[in-house]
Protein chains: 2
Amino acid sequence: MFIPAIKGQGTEEQHEKWLPMAYKMQIIGCYAQTELGHGSNVQGLETTATFDPQTDEFVIHSPTLTSSKWWPGGLGKVSTHAVVYARLITGAQDHGVHGFIVQLRSLDDHSPLPGITVGDIGMKFGSGAYNSMDNGLLRFDHVRIPRNQMLMRVSQVTREGKFVQSDVPRQLVYGTMVYVRQTIVSDASCALARAVCIATRYSAVRRQFGSQNGGPETQVIDYKTQQSRLFPLLASAYAFRFVGEWLKWLYTDVTQRLQANDFSTLPEAHACTAGLKSMTTSVTADAIEECRKLCGGHGYLSNSGLPELFAVYIPTCTYEGDNVVLLLQVARFLMKTVSQLGSGKKPVGTTAYMGRAEHLMQCRCEVERAEDWLKPSVILEAFEARAFRMSIACAKNLSKFSNPEDGFSELSPDLLEAAIAHCQLIVVSKYIEKLQQDIPGKGVKRQLEILCNVYALHLLHKHLGDFVTTSCITPKQGALANEQLRLLYSQVRPNAITLVDAFNYTDHYLGSVLGCYNGNVYQRLYEEAWKDPLNDTVVPDGYLEYVWPILKQHIRTARL
Amino acid sequence: MFIPAIKGQGTEEQHEKWLPMAYKMQIIGCYAQTELGHGSNVQGLETTATFDPQTDEFVIHSPTLTSSKWWPGGLGKVSTHAVVYARLITGAQDHGVHGFIVQLRSLDDHSPLPGITVGDIGMKFGSGAYNSMDNGLLRFDHVRIPRNQMLMRVSQVTREGKFVQSDVPRQLVYGTMVYVRQTIVSDASCALARAVCIATRYSAVRRQFGSQNGGPETQVIDYKTQQSRLFPLLASAYAFRFVGEWLKWLYTDVTQRLQANDFSTLPEAHACTAGLKSMTTSVTADAIEECRKLCGGHGYLSNSGLPELFAVYIPTCTYEGDNVVLLLQVARFLMKTVSQLGSGKKPVGTTAYMGRAEHLMQCRCEVERAEDWLKPSVILEAFEARAFRMSIACAKNLSKFSNPEDGFSELSPDLLEAAIAHCQLIVVSKYIEKLQQDIPGKGVKRQLEILCNVYALHLLHKHLGDFVTTSCITPKQGALANEQLRLLYSQVRPNAITLVDAFNYTDHYLGSVLGCYNGNVYQRLYEEAWKDPLNDTVVPDGYLEYVWPILKQHIRTARL
């Protein structure tokens, strides 16, 4: 069942009030913000809510086709009410976007109320995935609602039609965003762990090539090519888990500060969660598909669990802030931080490293042998220096433009890369911090250290150009990192299965024949196949009616 | 309808014979090679074909669960016959894998013949895609076929059970592989062009942010972040088209040589097509999903055309040779070529550049200003030097191992990267060659030159680490390339729509609301939504039966 969610522009308090109300009133609500022509740019929404002082009502209206609400989950066929985001208009003045509670359907027979056009937007990616959700469209033709159905915590409209801003801090909105995005980071870790668990278990079951003297072939997981694709994803699953845990702490911290009217850390926390939402979901989406490929042909079967996981997961890269738009926000914050470095204002939280500007511009990596890359301090400094120098390079290039906005726009691809470097640094540093704590279980910490190094060094190899062109490391040191990475894979291998078993997913939750715990993959694939309805009959429906006559036809044609 | 295809181990000549025969005999055939436990490693197939000299028959048998045939298209419900690949056994001797024609079902009532177990393997990725294809499973319980149903062009079994190899050159098999893989490269270009066409057209329609003074928002295609993701894919679509055309020529050339018993260019042609199949399909699969993301939320709708294109396309990365396995074959060929450099044996075809070893190890890129990167000779030399030096570095590292196979296995991730560098060089060089020809149409060549530079420079930026650490270019030159790339995007922009219109896809073929030619996207999205069967009724089926009582329940619970 769908319950109303008020997010983004709303506040949690509103959410808390709405939920029991919804139950009591026997309604099903949805959150109607996005429009056919308007997604990322909320301020560009076109739906209007015009106050009519004569009747003390708002008139909700869809003035254009592109103003049709589009995508809200639960809207199409089920919701009876919606929180509709619309431009508030009093007199001739546009006060921007606000929320309004609007009843859509009759509580007697569920039919749409007068002036409401509502329906489903149609099929989506995948065979299941979001196709069980009635993402909907919604149009208003001058629908009237009482004035008290505006969500008025932050702004109010009086009986006389006067627009009043309350003294509730606008920043509260960002607190909700921090909350939602930190849950997305935790979810990314779960989804990634699921895909990695499937691919790792099946890689141990599957054998291919390398048979000697008629013996069994080599387990696919023993191939370095498989390890070099799979183990960095395993390491990422753990890395995202730890950064997700840390984000939970960050949210608590931000909430406590907000309650004390301390907004000082909010911009940094907001940029940090935006960046990590973007980075972790992009990586996870790609990783699920990579895990599918790592399972060979059988990964393409629905019962591998990976197609459905992919189709369900990928919208995460778009919703709650498009990943590219979010990274640009991070970049903007980084450029602001850089510009204030000389002003004595100290960078806080995940940007604190920028306070050591002089050191980070001058430091040289001291790696001489491959094993030097195992030192957390060496890794951390390389990632800090790389992120900082990329930000500084962007700032320098930006300063060449007379109009800063033109510069930001022109250099945006470079700014994205600087933002990613910063986000990767956060994940690496939080992983390293985690390892400074006690970790229960014999030998567990050692395994997590190995994965931490895999995580950092695979990023270093992937973004070698960044590290070398900013002179953070030399080409020789890059080659040593790669050499060390290869050695680390050999250390991950003996515990790879244990490391995915540790996610503790049941076969039922995992939903994958290839990833089943007991490894009895081929027996299960065979059994599952027979359950397909196509196999209920020996001769398929339609064969004798349609295929057979065509075959017969060939004889006749051949005889003519 | 399914027609029999004999590929891989077979030859075209067999194919030509089989086809009219199939029609005349009113049969539907399929190609049954892959087994439940055996895909990439054809030599590991377990199905047996044991010759019985007493009856002059082969006994086809599935000795294990993993020997079940699995995946053949058209096998599950429709095929009456199959070309089955099985281990040929005469006496006690195993002669490896050969092809046998086996009847599976009765031509009277289509029921499976005695000893044959056949069925569908179940659902696959996507809502449509390959789910209309009855990929099947097949088991044999001592099924007997006459001796003359073995495909005997290359090897024969005599009436007495003697195994005889014919003098037909084994290399002919590779000719077929070159053929099949060159068609896959052309198909990659088509699929990529389709995705790019959709994303480019919709990026011109869609507006987001940047509204000034209440005017329209900015077209998404005008954002540099969009351009830097989209235009390299547009350039790749053209690049793959040109290399695909060249591969057609290569296949003709190879065929003519084979007919003249000249096998000298075959290994190089085989490595080249294997590598290009791998590289172009991997890029295309990722690019389709990237194009979907470039369409924002609406890309997730089925009627964007992109989900289906993705689900249909991705198996290409696995079939006809897993992409990683193919790259390792390329790497093996490169290492062999390097090892023969001193021997006086001149590298041919796409490896000819390796003949200029001394120059390529010493040359230094002479770029001083961004526009220097527009010179084809500069680009070509940088790509040649990078590919060559990466191969040489691999060869050097390999020589440190006492057992070459251990070394190859241990260094395989590096070898993959060297193989990719080589494949990218092929595409860049064939594009540059294409531009040396006359190209009709005013200004067309100029546009293709711009795209060629985009293709090369985006690769250079993406693999900057390769170019800089091999000292092919300096960090400064890398930054200049990136600067030039940005300028090129601005030059692509005015003609972007024309460049995708030039693919000349009809709306019907494109199958995408977002990519429709007239750009009337939102109207069409709205109209398409109403066609969804869910919208046939105002109150959805099951609402009153299932949802309504739950809502009512809340009242009763609340009242208790």
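In this text the structure is predicted, and so the values were computed from the model without any measurement. (Residues numbered from 1 in each chain as written. Chains lettered and ligands numbered in written order. Predicted model: local features only at pLDDT ≥ 70, side-chain atom pairs only at ≥ 80, totals over all residues. Heavy atoms only, no water.)

1. Here's the deal with unusual backbone geometry
Residues and elements named next belong to chain A. Positive phi is not limited to glycine here, since Ala 129 has a value of about 50°. On the secondary structure map, Ala 129 appears in the loop between strand S7 (116–120) and strand S8 (136–140). Overall, the relative accessible area of 14% leaves Ala 129 in the buried class. Here Asn 261, not a glycine, exhibits a phi torsion of approximately 55°, which is positive. Tracing the chain through its elements places Asn 261 in the loop between helix H3 (224–259) and helix H4 (266–294). What makes Asn 261 exposed here is its relative accessible area of 54%. (Helix = DSSP H or I, 4+ residues; strand = E, 2+ residues; numbered from the N terminus. Buried < 20%, exposed > 50% of the residue type's maximum accessible area, 1.4 Å probe, protein only.)

2. Digging into the relation of the copies chain B and chain A
Structural alignment of chain B on chain A gives an RMSD of 0.0 Å, achieved by rotating through 180° and translating 0.0 Å along the axis. The transformation relating the two chain copies, once decomposed into turn and shift, fits a two-fold axis. Counting the interface residues of chain B, we find that 100% of their copies in chain A are interface residues as well, pointing to one common contact surface. (Least-squares fit on C-alpha atoms with pLDDT ≥ 70 in both. Contact = heavy atoms within 4.5 Å.)

3. Here's the deal with the UniProt feature "domain: Acyl-CoA oxidase C-terminal" (unreviewed entry) in chain A
Summarizing the sequence annotation, UniProt attributes the feature "domain: Acyl-CoA oxidase C-terminal" (unreviewed entry) to residues 376–552 of chain A in the numbering used throughout. Secondary structure content for residues 376–552 of chain A is 72% helix and 0% strand, and the end C-alpha separation is 74 Å. (UniProt positions renumbered as here; feature names shortened; annotations may be inferred.)

4. Brief notes about the pattern of salt bridges
Evaluated as defined, the whole model comprises 54 salt bridges over all chains. Two residues, Glu 410 of chain B and Lys 224 of chain A, come together in a salt bridge whose shortest N-O distance is 3.8 Å. Of the two residues, Glu 410 of chain B sits in helix H9 (residues 404–410) while Lys 224 of chain A sits in helix H3, which places them in two different chains. With its nearest N and O atoms 3.7 Å apart, the salt bridge here joins Asp 286 of chain A to Lys 293 of chain B. Remark: Lys 293 of chain B occurs in helix H4 (residues 266–294) and Asp 286 of chain A occurs in helix H4; the pair is interchain, linking two chains. Taking relative accessible area as the criterion, Asp 286 of chain A reaches 47% and is therefore assigned partly exposed. Each of the salt bridges in this network shares a partner with another, and the network as a whole consists of Lys 224 and Arg 486 of chain A together with Glu 410 and Asp 414 of chain B. (Salt bridge = Lys/Arg side-chain N within 4 Å of Asp/Glu carboxyl O.)

5. Considering the pairing of S7 of chain A
Residues and elements named next belong to chain A. The buried count for S7 comes to four of five residues, which makes it a mostly enclosed element. The pairing of S7 with S8 spans five bridges and is classified as antiparallel. Directly across from Asp 120, in S8, lies its bridge partner Gly 136. (Pairing = 2+ DSSP bridges.)

6. Some words on the domain arrangement of chain A
Residue and element names in this part refer to chain A. Assigned domains within chain A: domain 1 (12–168) and domain 2 (173–343 + 365–499). In this assembly, eight residues from domain 1 lie in contact with 11 residues from domain 2. Linking domain 1 with domain 2 are zero salt bridges, by the criterion used here. Summed over the shared surface of domain 1 and domain 2, the number is one residue pair in polar contact (both at pLDDT 80 or more). (Domains from an automatic or database assignment. Polar contact = N/O pair within 3.5 Å; in protein donor to acceptor, adjacent residues only side chain to side chain.)

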